[in-house]
Amino acid sequence: METLYSVLLPLRFDKPFTYKYTGEDDLSHGQLVKVSFRSTEIIGVIIGKTNESHGKLKEISKVYRGLKFEESLIKFIGRVADYNMVPRGLILKMVLGGNKHFDKEVKFEIEAHKTISNLVSLREEQQSALELIQEKLSQNQYSSILLEGITGSGKTEVYLKAVEELINQGKQTLVLLPEIVLTTQLMQRFEERLGFKPVQWHSSISPKEKKIYWEAVFSGKAKFIVGARSALFLPYRNLKLIVIDEEHDQSYKQEEGVIYNARDMAILRASLEKVPIILSSATPSLESIYNVKQNKSEKVYLSSRHGTATLPEIKIVDLNKEQLNKGEWISPTLKSHLEEILASKQQSLLFLNRRGYAPITYCSNCKTKVECPDCNFWMVEHKKKGVLQCHYCGYSIEKVQKCTTCGSTEKVFALGPGVERIEEEIKKLLPDARTVLFTSDTIENHKEAEKIIDAIMNNEVDIVIGTQMAAKGLHFPKLNLVGIIEADKNLVGGDIRTLERTYQLLHQVSGRAGREAEKGVVIIQTYEPESALLKNLSNGNSEKFYEAELNDRMEADMPPYSKLAIITLQSISEQACLDTADQIAAHIPETGNITVLGPSPAPIFMLRKRYRYRFIIKSAKNINMQKIIAHWLSKINLSPRVKLKIDIDPYSFL
Ligand SMILES: [Zn+2]
Ligand SMILES: [Zn+2]
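Residues numbered from 1 in each chain as written. Chains lettered and ligands numbered in written order. Predicted model: local features only at pLDDT ≥ 70, side-chain atom pairs only at ≥ 80, totals over all residues. Heavy atoms only, no water.

1. A closer look at the coordination of the zinc ion (ligand 1)
- The coordination sphere of the zinc ion (ligand 1) contains the protein donors Cys-372 (SG), Cys-375 (SG), Cys-390 (SG) and Cys-393 (SG), at a distance range of 2.3 to 2.4 Å.
- What the 4 donor atoms of the zinc ion (ligand 1) show is an angle range of 107 to 113° at the metal, which sorts the shape as tetrahedral.
- The buried category is assigned to Cys-372, whose relative accessible area is 4%.
- Its relative accessible area of 1% is what places Cys-390 among the buried residues. (Donors = N, O, S within 2.8 Å, 3.2 Å for Na, K, Ca; no water. Tetrahedral: all angles 85-135°; square planar, octahedral: opposite > 155°, others 65-115°. Buried < 20%, exposed > 50% of the residue type's maximum accessible area, 1.4 Å probe, protein only.)

Printed below as a string of structure tokens:
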């Protein structure tokens, strides 16, 4: 007997391929098989029977008995692909997590889960948050909880209690974290509380570990999985809870390759698995606040801090009044606080969201900035490495002694501060202070992160100078002063989420101050002391900030009140870009359901020597924009010289 099956392959194809099977048995939906494709053997998954056949059919060469995906996972693959307009095969590839075959037995080496119960006791408000989670868990259906609480209010302890119960019942929990390089502290805490190491899943674990962990998740043996975005795609056996920690964090949005938002896809997965999802944050995303307003999510709020810790006191330094000398960025007020903290042997954090020494190298003779030859952006000086570097493409050149445009040697200088320059200033102001830079330039992996974190924990550091990396979830008991070098609205780009991101970032970095007995102090230097954002921040009035921001978005008809997408065209030839853009423009759908802006040059008009043009598409929330776009683009003959990228719910507008 010969049966034909549709087999989805982990390749850049949306449609399955037909293979024949001559075995006696019926292969079920979700069954993993081995097939040959263009002379290589690969894993595929059966997604149905078919009568369609073209030409000579190949045979399914092996059936992996006992390896079968759940129906909900197959659905998830399809829904993620459709939503993000990505071929199904690429989503399957993520689900397979690097597995190329299952021909060798894998020995599980993960640490056995113990039945444990040594969690700290909860405060009353934590207890009622836990009770809500327990109630949702008992309902065996999808629900969403926004767990909001200031830094140090014990959100983690709440969900760990729920995790503990699930582990004891033999069920799986997934916790997604944004910045995996900085998770050492949190991992230690998980291990301390639960008595074993959770299974970790992120890009820097080895292929061998990946294989072990993947199978442990698939078999259901791994009960507690902590990972980055990609952990969302693992083939869970009996997943009962998903937690998105720091749910507002923009790194949940994957911008390269398959573009998707892991937070939003986690919500989708929870709904398909019929389980609760917890979105945890001190500064929730506007999307999550909106969902609470729409009754799509329930909010629990933790208002107080643990033990004796109190909220930091926020002081605003008006830089219009307290003027700085040329080439200086630390005000007398901030300096005197730094001295005080230094004298009392505590620690400080200086925050500036700019890597390197100076963002601009400027020639006052010809009035130009040194730009990247491959991008339309200027080069950032990194003094320690002795280079100018483009932060968009990574291109770097040795530090210039003369202007690249006019050749002047005298009038070229560094403009504005980066963290390295702040460190230089500290060395002049407080020569005895021991400093460390906390940025993605000094911390590229777990090891480096651990080294620096240990140094801070062991009091080998007095002043930490960092970018947004230093704002994320770290806990240093002796850190009692945070100085924000420049808090202005353009702290993080200029798009619809600028204010939201600035607020979240300042709130987060402020939360680093004073988590133990001492009351922390936050000094914010700014030229805009009257801004509503800073007022709400220093009064601790998050709700007011969110109200105002939601209102602005509603009036502008922007997300979360509407949906956006961006189509970007890239090519080494500007003409090819323009020709394709014209073609796409000529076919803009006439439905009244979407609005299309463009084509126009992207703000980063040139990136890695490629020209960039784009369209911005907007629709109401209830419109299936993806379907309209797919139909529209199906009429386009894409030149092989042009790369087309679709970004649904964009976070980057560059
Ligand atoms: Zn560049
Ligand atoms: Zn010049």
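2. Some thoughts on the coordination of the zinc ion (ligand 2)
- Listed as protein donors to the zinc ion (ligand 2) are Cys-363 (SG), Cys-366 (SG), Cys-403 (SG) and Cys-406 (SG); their distances from the metal cover 2.2 to 2.4 Å.
- Along the chain, the residues donating to the zinc ion (ligand 2) are arranged with the sequence spacing C-x2-C-x36-C-x2-C. Remark: Cys-403 occurs in the loop between strand S21 (396-398) and strand S22 (412-415) and Cys-366 occurs in the loop between strand S17 (360-363) and strand S18 (368-369); sequence separation between them is 37 residues.
- Residue Cys-366 is classed as partly exposed on the basis of its relative accessible area, which comes to 25%. (Helix = DSSP H or I, 4+ residues; strand = E, 2+ residues; numbered from the N terminus.)

3. Some details on the packing of helix H8 (residues 286-293) against helix H14 (residues 542-556)
- At a closest axis distance of 11 Å, the pairing of H8 and H14 adopts a crossing angle of 90°. Viewed along their axes, H8 and H14 adopt a mutual orientation that is roughly perpendicular. Residue-level inspection shows Leu-286, Ile-289, Tyr-290 and Lys-293 of H8 in contact with H14, the latter providing Tyr-546, Glu-547, Glu-549, Leu-550 and Arg-553.
- Residues of the contact of H8 with H14, tallied by class, amount to 5 nonpolar, no polar and 4 charged. (Axes fitted to C-alpha atoms, helices over the stretch in contact; angles between N-to-C directions. Parallel < 35°, antiparallel > 145°, perpendicular 65-115°, else oblique. Contact = heavy atoms within 4.5 Å. Nonpolar A, V, L, I, M, F, W, Y, C, P; charged D, E, K, R; others polar.)

4. What to know about the sheet that holds strand S13 (residues 276-281)
- Taken in spatial order, the 7 strands line up as S8-S9-S7-S10-S13-S6-S14 in an open sheet, and their pairing is parallel. The open sheet is flanked by strand S8 (199-201) and strand S14 (298-302), the only strands paired with a single partner. Within this sheet the neighbouring strands show an average axis-to-axis angle of 20°, counted without direction.
- Of the pairings in the sheet, the one linking strand S7 (residues 172-176) to strand S10 (residues 239-245) comprises 5 bridges and is parallel in character. From the neighbouring strand, Leu-174 faces S10, where its bridge partner is Ile-242.
- Here helix H7 (residues 262-273) sits on the sheet in contact with S7, S10 and S13, set at roughly 160° to S10. (Pairing = 2+ DSSP bridges.)

5. Side note on a positive patch on the surface
- A contiguous patch of positive charge on the surface is contributed by Arg-12, Lys-93, Lys-100, Arg-608, Arg-610 and Lys-643.
- Note that Arg-12 resides in the loop between strand S1 (3-8) and strand S2 (17-21). (Patch = residues over 30% accessible without salt bridge, like charges linked within 9 Å, V, L, I, M, F, W, Y side chains within 5 Å. Areas by Shrake-Rupley, 256 points an atom, 1.4 Å probe, with all protein chains shown as cover. Salt bridge = Lys/Arg side-chain N within 4 Å of Asp/Glu carboxyl O. Lys, Arg positive; Asp, Glu negative; His and termini not counted. Charge placed at Lys NZ, Arg CZ, Asp CG, Glu CD.)

6. So, the sheet that holds strand S20 (residues 387-389)
- Overall, antiparallel pairing links the 3 strands, which are arranged S19-S20-S21 in an open sheet. Because the sheet does not close on itself, it has two edges, and the strands there are strand S19 (380-382) and S21. Neighbour-to-neighbour, the strand axes of the sheet open up by a mean angle of 30°, direction not taken into account.

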